[in-house]
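# Observations on chain architecture
Here's the letter readout for the chains.
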Number of protein chains: 2
Amino acid sequence: MFPSKLFSGLLTDLYELTMAAGYVQNRFNDRATFELFVRHLPRNRNYLVAAGLEQALDYLENVHFPPDEISYLRTLPIFRHVQTSFYDFLATFRFSGDVWAMPEGTIFFAGEPVVRVTAPIAEAELAETSLLSIIHLQTFIASKTARVTTAAAGRPVIEFGSRRAHGVEAGVLAARAALIAGCAGTSNTYAGHCHGVPAYGTQAHSWIMAHDDESTAFRKFLDVFPEQATLLVDTYDVRAAIDKTTPWDANPVGCASTVVTYWPIVSGLGSGLIVLAGRMCKFSSRVTSMKIALRHFSQATPIDSFGVRTALSTSADAPNVEVIYKLVEVELDHQVRGMAKFSVDNKTYPGRKQVFYFQGENGHYSGNTIALEDEDFPLAKSLLIPVMRDGHRLEVACQDPVSSVRNAQARFLAARAHLPEHILRIVTAEPIYPVSYSAGLESLPEQARNSFLSTASV
Amino acid sequence: MFPSKLFSGLLTDLYELTMAAGYVQNRFNDRATFELFVRHLPRNRNYLVAAGLEQALDYLENVHFPPDEISYLRTLPIFRHVQTSFYDFLATFRFSGDVWAMPEGTIFFAGEPVVRVTAPIAEAELAETSLLSIIHLQTFIASKTARVTTAAAGRPVIEFGSRRAHGVEAGVLAARAALIAGCAGTSNTYAGHCHGVPAYGTQAHSWIMAHDDESTAFRKFLDVFPEQATLLVDTYDVRAAIDKTTPWDANPVGCASTVVTYWPIVSGLGSGLIVLAGRMCKFSSRVTSMKIALRHFSQATPIDSFGVRTALSTSADAPNVEVIYKLVEVELDHQVRGMAKFSVDNKTYPGRKQVFYFQGENGHYSGNTIALEDEDFPLAKSLLIPVMRDGHRLEVACQDPVSSVRNAQARFLAARAHLPEHILRIVTAEPIYPVSYSAGLESLPEQARNSFLSTASV
């Protein structure tokens, strides 16, 4: 299980700590701005869904270094020559910076800053690893889920993937991210309790197998859950099992509301399992096909809801997203200097940025522009809002757990309704959603490079 | 961040709780045995490495239901008709069962039970989701790592993937699993502190960018870390940066021990980033190729160590493993009855099992046999050992965190040395490693099915 030090300052890459020691010891405590963004869309994704900000702010508000963690660092050979000032810094360390971010549920694209952190440079540096990790998990799960819920075309989708998520925490937070991107609930009971995600369940094969026969197994379950029982029909013979559920239809106490079976998904949404739940009277005529993909179900197929397991909880077809956290600005001696990186493969743009989106006359989103924060686009709306100041959440970022996911889901559903139709398809969109850099930004890198050489301010 | 209730009984799928209610209310408290195994090897894997048992036993020893969790369950509509006896059961619930398992670091194959749980059926059922999730994460990360460390052919590999792991917990435990499968260390400082995994770090582009020029950035870092500094050379121009590191070679205080650059892996081990660290004098002649895969480095390439990021921490080419947890036996009225599942796609074998391995005269493993626990193979050794009795760890399973991973790594390295050479290759092995079911097991399912129909004991 995950250890109990949840807001440990050591939840970071060692190089963040060595660099922080370097900044502290060199008395380099100017404020710096870092932007977290996704460099390229992963395969099979036409857009991404921002998620995880709630947990990220939680971490920033609480991260600190207990004495045992500082003692541990002192034992590391690489810290041998580090002066006491650094350990003093750690002992009183609290994150004191400002954060702008896209609210959870926002649809975004490659290159767009999702979170922007401004803080004394050592603090902003120390936050990197956990910020990336926290935003990464829920963002790519939400982005995967968005495909699944879109394909389900309004029929409820339940997240059933905890058992093969990447550990216990990933299971809980995948359930939360899935709700943000339109799922109706989860099998993860902890997520139900602590994140307000409605919890659902079916029945395991072991329940059927542990009883003398299938009819007894069904009846014993209906005795305990007379109103909402779900019966599992594929332990031995699906058709025979469905026949055995029929008598309970005539019994007002013992009436199964749904029957359920497991089938592999073979294409479209990646490998995994789905649970098909439909009223058995309709469902019994549909149990012949053993190879199906979710997108192949038309609205006419008598299926009430879908459950999706590993394909969703691990985003199996794209199990990670290229999130990065880049320095874009340093305030040196009251001069603001834009920062960019110029190696051939990985050019970045300097300066604090904002993302603007434009809508066409039909209400559909027509394109985004990444620009400097202070550029003005009268016809556009902006996506990044301030969520933390001086290390404290702003009111807009103070929500109870249930409102937090519900509001994010509402934001996602509203945004999805405005995406161009071809961006919503399961297949790779052609053309991709238009995202441009502002003329102001495009002119900057050269200027920033000059600044890098001349130490002039931008 | 992950919530603080680490051993919450709600860290399970809701259906485990409804079935447990069904067992309790029906007074069905016979002991049952479940086996956790992997149904099929994932693509690109010729073998798997067991990991995560330490955290799994930790969970079983501590899982319980605090009052607020029981109150939550009472609010769920599906529990409306559940009687008080179930909530009483939860209030005093502790896992009281027995566990046999493969020690961490054991090499195993599809179909082989990795963990075997025997407990009153409701307890064994409630353990399912978290057991699967905990064993799953570290097992597939260790299995991925085994490929990477084998390809590195003795040169140290450092796990650098926390930032794109599936959340904070996954990052910490991926570092632990990576050490088990032969990594030399991790960038994850928390894993260093709490799991005894040596922590390493390099330098970020932001450090270079934040300084007036690259030479200053190098020098300021060497001031603080004069003995073990690693300098990053690909922020602007790799060759120019290496030239800038040279003067420090002549300075006994400011001598960079390694220089480092980031390059994408394009094949073989999946996408991701590797860090190449080599003594700069040798390394500077090698910076022309921008597209390389780890397996393409011969021993002659002057590289001291490898760092692997996302490809390892998310096992990107196979981001999950088909772990399942199946009922294989129930003790009913002092009769032991084997349990198996007979639907066409997913046949399972009944009975408590053991895995035996055989060695050829050259010391190489020659094949495994999955058999009933009490079958006897005088020439073979067995892989499953008892690790928990009546809910308490046995002495063999009581290790401090550092010994726990070190011993597991030693076990893995020893086992790997005995695998046939073609199983160790990066490409899919042909033929696969031979794993058979014993004649006793092969004859059982039909017998168990008869037992299912007749309620006779096996």
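Residues numbered from 1 in each chain as written. Chains lettered and ligands numbered in written order. Predicted model: local features only at pLDDT ≥ 70, side-chain atom pairs only at ≥ 80, totals over all residues.

## Section: the nonpolar core
For clarity, the cut-off: As used here, a nonpolar core is made of buried Ala, Val, Leu, Ile, Met, Phe, Trp, Tyr and Cys residues. They are joined through C-beta atoms within 7 Å. To sort residues by burial, count the other C-beta atoms lying within 10 Å of each one's C-beta; a count of 20 or more means buried, 12 or fewer means exposed, and anything in between means partly exposed. C-beta atoms are built from the backbone. Secondary structure is summarised from DSSP: a helix means a run of H or I of at least four residues, a strand means a run of E of at least two, and numbering begins at the N terminus for each. Contact between residues is assigned whenever the C-beta positions, reconstructed from backbone atoms, fall within 7 Å.
Ranked by internal contacts, the top residues of the largest apolar core, which has 265 residues, are Val49(A), Ile180(A), Val49(B) and Ile180(B). Among the elements that take part in this core, helix α6 (residues 128-152) of chain B stands out by supplying 12 residues, more than any other. Once residues lying within four places of it in the same chain are set aside, the contact partners of Ile180(A) are Val49(A), Ala51(A), Glu104(A), Gly105(A), Ala142(A), Val405(A), Ala408(A), Gln409(A) and Phe412(A).

## Quick notes on the interface of chain B and chain A
In plain terms, the rule: All amino acids are sorted into three groups, where Ala, Val, Leu, Ile, Met, Phe, Trp, Tyr, Cys and Pro are nonpolar, Asp, Glu, Lys and Arg are charged, and the leftover types, Gly among them, are polar.
With 93 residues of chain B in contact, the opposing surface of chain A contributes 93 residues. No other element matches the 8 residues that helix α1 (residues 14-25) of chain B contributes to the side of chain B that touches chain A. Here the residues of the side of chain B that touches chain A are counted per class, giving 47 nonpolar, 33 polar and 13 charged.

## Here we look at the packing of helix α2 (residues 53-62) of chain B against α6(B)
All names here are of chain B. Threshold: Axes here mean lines fitted to C-alpha atoms, for a helix over just the part in contact, with angles spanning 0 to 180 degrees between N-to-C directions. Angular relationships are summarised with four words: roughly parallel below 35 degrees, roughly antiparallel beyond 145, roughly perpendicular across 65 to 115, and oblique for the angles in between. Here a crossing is called left-handed whenever its near helix is offset anticlockwise from the far helix by less than a right angle, and right-handed whenever the offset is clockwise.
Packing of α2 against α6 brings their axes to within 8 Å, and their N-to-C directions diverge by 160°. Between α2 and α6, the angle is such that the two are roughly antiparallel. Crossing hand, α2 versus α6: right-handed. Residue-level contacts link Gln-55, Ala-56 and Tyr-59 of α2 to Ser-130, Leu-131, Ile-134 and Ile-135 of α6.

## Description of the sheet that holds strand β1 (residues 31-38) of chain B
Residues and elements named next belong to chain B. Stated precisely, the cut-off is as follows: When DSSP finds at least two bridges between two strands, those strands are taken to pair.
Read from one edge to the other, the open sheet built from 7 strands follows the order β13-β12-β1-β5-β3-β17-β18, with strand pairing classed as antiparallel. Across the chains shown, the open sheet's two edge strands, defined by having one partner strand only, are β13 (335-338) and β18 (392-393). Looking at chain direction, strand β3 (residues 98-101) and strand β5 (residues 115-120) are connected through 4 bridges and run antiparallel. Residue pairing in the sheet places Ala-101 in a bridge with Val-115 of β5. Contacts between α6 and the sheet are confined to β1, β5 and β12 (323-332), with β12 contributing the most and set at about 140° to the helix.

## Side note on the pairing of strand β5 (residues 115-120) of chain A
Residues and elements named next belong to chain A. Most of β5 sits out of view: 6 of its 6 residues are buried. Here 6 bridges tie strand β1 (residues 31-38) to β5, and the two strands are oriented antiparallel to one another. Residue pairing for β5: Arg-31 is matched across the bridge by Pro-120.

## Considerations on helix α7 (residues 168-180) of chain B
Residues and elements named next belong to chain B. Put simply, the test is: The span you would expect from a helix comes to 1.5 Å times its residue count less one.
For α7, spanning 13 residues, the distance from its first C-alpha to its last is 19 Å, which sits close to the expected 18 Å at 1.5 Å a residue. Most of α7 sits inside the fold, with 13 of its 13 residues counted as buried. Downstream of α7 by a residue or two, Gly-182 has a phi angle that is positive, lying close to 105°.

## Description of the sheet that holds strand β16 (residues 381-382) of chain B
Residues and elements named next belong to chain B. Strand order in the open sheet formed by 4 strands is β16-β14-β15-β19, with mixed pairing between adjacent strands. A strand with exactly one partner marks an edge of an open sheet, and here the two such strands are β16 and β19 (435-437). Here strand β15 (residues 365-372) pairs with β19 via 3 bridges, running parallel. The residue bridging Asn-368 from the neighbouring strand is Val-435, located in β19.

## Observations regarding the environment of Ala217(B)
All names here are of chain B. Summarising the element assignment, Ala-217 is placed in helix α10 (residues 214-224). Look at Ala-217 and you get buried, because 24 C-beta atoms sit within 10 Å. Residues Ala-217 and Val-99, 118 residues apart in the sequence, show an inter-C-alpha distance of 54 Å. With residues up to four places along the chain from it excluded, the contact list for Ala-217 reads Trp-207, Ile-208 and His-211.

## Quick notes on the relation of the copies chain B and chain A
The criterion, for reference: Least-squares fitting of one copy onto the other uses the C-alpha atoms of those residues that reach a pLDDT of at least 70 in both copies.
For the pair chain B and chain A, the best superposition has an RMSD of 0.0 Å and corresponds to a rotation of 180° with a translation of 0.0 Å parallel to the axis. This pairing of chains is accounted for by a two-fold axis. Taken as a fraction of all interface residues of chain B, those also at the interface in chain A reach 100%, which identifies the copy contact as same-surface.

## Digging into the confidence of the model for chain A
Keep in mind that low pLDDT regions are not for reading the predicted coordinates in detail. All names here are of chain A. Stated formally: The predictor's confidence in any single residue is recorded as pLDDT, a number from 0 to 100.
In the predicted model, chain A carries a mean pLDDT of 83, and the fraction of residues at 70 or more is 81%. Per-residue pLDDT stays below 50 along residues 261-295; that stretch engages in 88 contacts with residues further than four places along the chain or on separate chains. In the predicted structure, residues 450-458 sits below a pLDDT of 50 and forms 17 contacts with residues beyond four places in sequence or in another chain. Complex prediction metrics read pTM 0.90 and ipTM 0.89.

## Quick look at unusual backbone geometry
Residues and elements named next belong to chain A. Going from Glu-430 to Pro-431, the amide bond is cis rather than trans, its omega being 0°. Structurally, the position occupied by Pro-431 is in the loop between α15 (421-424) and β19 (435-437). Positive phi is not limited to glycine here, since Asp-390 has a value of about 50°. Mapped onto the secondary structure, Asp-390 falls in the loop between β17 (385-389) and β18 (392-393).

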